[in-house]
Amino acid sequence: MMNWTRRAVLAALTIVAVTTAAAAAERTIRVGMVRTLSAGAMLIAIERGYFKELGLEIVMEELDSSANALALLSQNRLQVVIGGLSAGYFNALEKELPIIIAISRVSTPIRHNLLLRADLKERITDIKQLKGRTVATNGPGSVSTYEIGKILETAGLTLADVDLKVIPFGQYAIAFTNKAIDAALAISPWSEQLPKLGLAVPFADSDALIRPTPVSISVALINTDWAKASPELPRDFVLGYLRGARDYCQAYHGGSPRRQIIDLLVRSRTETRPELLDEYIWPSSDPFGRVNVDSMLDMQAWFARNKFIGAQVPADRLVDARYAEYAAQKLGPFVLENKASQLAGCR
């Protein structure tokens, strides 16, 4: 009798363990992320247990670029990818891959700047004078290329009027020093560092020239097959993430989470130069995760005009706003701690 009882108890415990493990697996979300300063929102959401409170287990995978992760996302090997937009996203939609934007990660004001080589500042004083000049972007189908194109269009130029070179941001300093480029679209910290080094001068401000706004340059993409099968998972993920994004926005404005986020960024080696985190303004994020569909349509149309993509898809295929709307209802208004902040973003 004792052996039978022991076996029964062990069998029952095994069933419970298997059931618990299966339930945990069902609530596990694999997230691919490009580590940049704005990763602070995700890092603090994990650190403060926002996902745990919703019963989610987050498995992080570091990415070199979000473009490389689209195949993994479409195959459901990753359920969420957080990173920069590119023409690759619109091409994936044209191919009817099961992916869609759920929320914005970084949006204007983005403080990107088309920098001009310092020795040219007296000779080139107008955008139209860039005709025939060499301009650098970090990727042929990147948002940076879209920004360059939109800036050129304000002076009646197109990409065909310049010699566009693809150079990683980290190599801009060498390219300017060697006079291999005349101008380059730079993001933080390079938009601040290169002028400090005397290599370039601010020439054209993306925030001032690109319309329509706000522009989302980095987003969270989800696998739509996964979302349809378990709609509560992407909903809860966005809710947990946007709690972290709101903490990030408080830090952006100099609020109480700032030091913790800086520590997380340094600890995770997302930023290895902590002194820079207090030198320049952080990338802006929308505390509600909103994506401007008009801006997305403009971006898609621009990529199509410039032959980076083929057919265009309708607005309802570009963004699924339901998750951001659900989170906004749950989280309520966003109220700044530091009411004296004059920064325009993250509001």
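No experiment lies behind these values; they were computed from the predicted model shown.

With reference to specific residues and values, describe the sheet that holds strand S10 (residues 216-223).
The mixed open sheet is built from five strands, whose spatial order is S2-S1-S3-S10-S4. Of all the strands in the sheet, just strand S2 (57-63) and strand S4 (99-107) have a single pairing partner and so form its edges. Across the sheet, the axes of successive neighbouring strands diverge by a mean angle of 20°, strand direction being ignored.

Mind laying out the confidence of the model for the protein chain, listing which residues take part and the relevant values?
In low-pLDDT regions, the fine details of the predicted coordinates are not to be read closely. Mean pLDDT over the protein chain works out to 92, with 92% of the residues at or above the 70 mark. Within the model, the stretch residues 14-22 combines pLDDT values under 50 with zero contacts to residues more than four positions away or in other chains.

Give a detailed account of the nonpolar core, specifying residues and quantitative values.
In terms of nonpolar packing, the biggest core is built from 99 residues, with Tyr89, Phe237 and Tyr241 touching the most fellow members. Ignoring sequence-local partners within four residues, the contact set of tyrosine 241 consists of Ala41, Met42, Ala45, Phe51, Ile82, Ile103 and Arg105. The next biggest cluster of nonpolar side chains, apart from the first, holds 14 residues, and it includes Leu115, Phe169, Tyr172 and Leu194.

If you had to explain the sheet that holds strand S5 (residues 113-117) to someone new, which residues and values would you point to?
Read across the open sheet, the five strands follow the order S7-S6-S8-S5-S9; overall the sheet is mixed. The sheet is open, and its two borders are formed by strand S7 (163-166) and strand S9 (200-205), each paired with just one other strand. Pairwise comparison of adjacent strand axes, ignoring direction, gives a mean angle of 30° for this sheet. Sheet contacts for helix H6 (residues 143-153): S5, strand S6 (134-137), S7, strand S8 (183-186) and S9; angle to S6, the most-contacted strand, approximately 145°.

If you had to explain the environment of leucine 152 to someone new, which residues and values would you point to?
For leucine 152, the position within the fold is in helix H6. Discounting residues that sit within four places of it in the chain, leucine 152 has contacts with Ile127, Leu130, Leu157, Thr158, Leu159 and Val162.

Can you tell me about the packing of aromatic side chains, naming the residues and giving the values?
Centre-to-centre distance and the angle between the planes together describe a pair of aromatic rings. Enumeration over the complete set of coordinates arrives at 12 aromatic pairs. Measuring from ring centre to ring centre gives 5.6 Å for phenylalanine 169 and tyrosine 172, while their planes differ by 80°; the resulting arrangement is edge-to-face. For phenylalanine 169, a relative accessible area of 12% puts it in the buried group. Seen in terms of ring centroids, tryptophan 302 and phenylalanine 308 are 5.9 Å apart; in terms of plane orientation they differ by 15°. Their pairing is stacked. Accessibility expressed as a relative area gives 23% for phenylalanine 308, which makes it partly exposed. Chaining the aromatic ring pairs together yields one cluster made of Tyr89, Phe90, Tyr146, Trp302, Phe303 and Phe308.

Residues and numbers for the environment of serine 284, please.
Structurally, serine 284 is set in the loop between helix H12 (258-267) and helix H13 (293-305). When the C-alpha atoms of serine 284 and cysteine 346 are compared, they prove to be 5.2 Å apart, with 62 residues separating the residues in sequence. Those residues in contact with serine 284, other than ones at most four positions away along the chain, are Arg105, Val106, Ser107, Thr108, Pro109, Tyr252, Gly345 and Cys346. Engagement of the side chain of serine 284 in a polar contact is seen with the backbone nitrogen of cysteine 346, the distance being 2.9 Å.

Residue-level account of the packing of helix H11 (residues 232-252) against helix H15 (residues 322-331), with values.
At a minimum axis separation of 9 Å, H11 and H15 run at an interaxial angle of 60°. As judged from the angle between their axes, H11 and H15 are oblique. By crossing handedness, the relation of H11 to H15 is classed as right-handed. Across the interface between the two elements, Pro234, Arg235, Asp236, Val238, Leu239, Leu242, Arg243 and Arg246 of H11 pack against Tyr323, Ala324, Tyr326, Ala327, Lys330 and Leu331 of H15. Residue composition of the contact of H11 with H15, by class: nine nonpolar, no polar and five charged.

Any chance you could break down the pairing of strand S1 (residues 28-34) for me, citing the residues and the numbers?
Burial of S1 is extensive: five of the seven residues sit out of reach of the surface. Sheet topology note: the S1/S2 ladder contains seven bridges and is parallel. Across the sheet, residue glycine 32 finds its bridge partner in S2, namely glutamate 61. Judged from the three bridges that link them, S1 and strand S3 (residues 80-84) form a sheet pairing that is parallel. Bridged to valine 31 within S3 is valine 80.

How each quantity is defined
Residues numbered from 1 in each chain as written. Predicted model: local features only at pLDDT ≥ 70, side-chain atom pairs only at ≥ 80, totals over all residues. Heavy atoms only, no water. Pairing = 2+ DSSP bridges. Helix = DSSP H or I, 4+ residues; strand = E, 2+ residues; numbered from the N terminus. Axes fitted to C-alpha atoms, helices over the stretch in contact; angles between N-to-C directions. pLDDT = per-residue confidence, 0-100. Contact = heavy atoms within 4.5 Å. Core = buried A, V, L, I, M, F, W, Y, C linked by side-chain atoms within 4.5 Å. Buried < 20%, exposed > 50% of the residue type's maximum accessible area, 1.4 Å probe, protein only. Phe/Tyr/Trp six-rings, centres within 6.5 Å; stacked < 30°, edge-to-face > 60°. Polar contact = N/O pair within 3.5 Å; in protein donor to acceptor, adjacent residues only side chain to side chain. Parallel < 35°, antiparallel > 145°, perpendicular 65-115°, else oblique. Left-handed = near helix turned anticlockwise from the far one by under 90°. Nonpolar A, V, L, I, M, F, W, Y, C, P; charged D, E, K, R; others polar.

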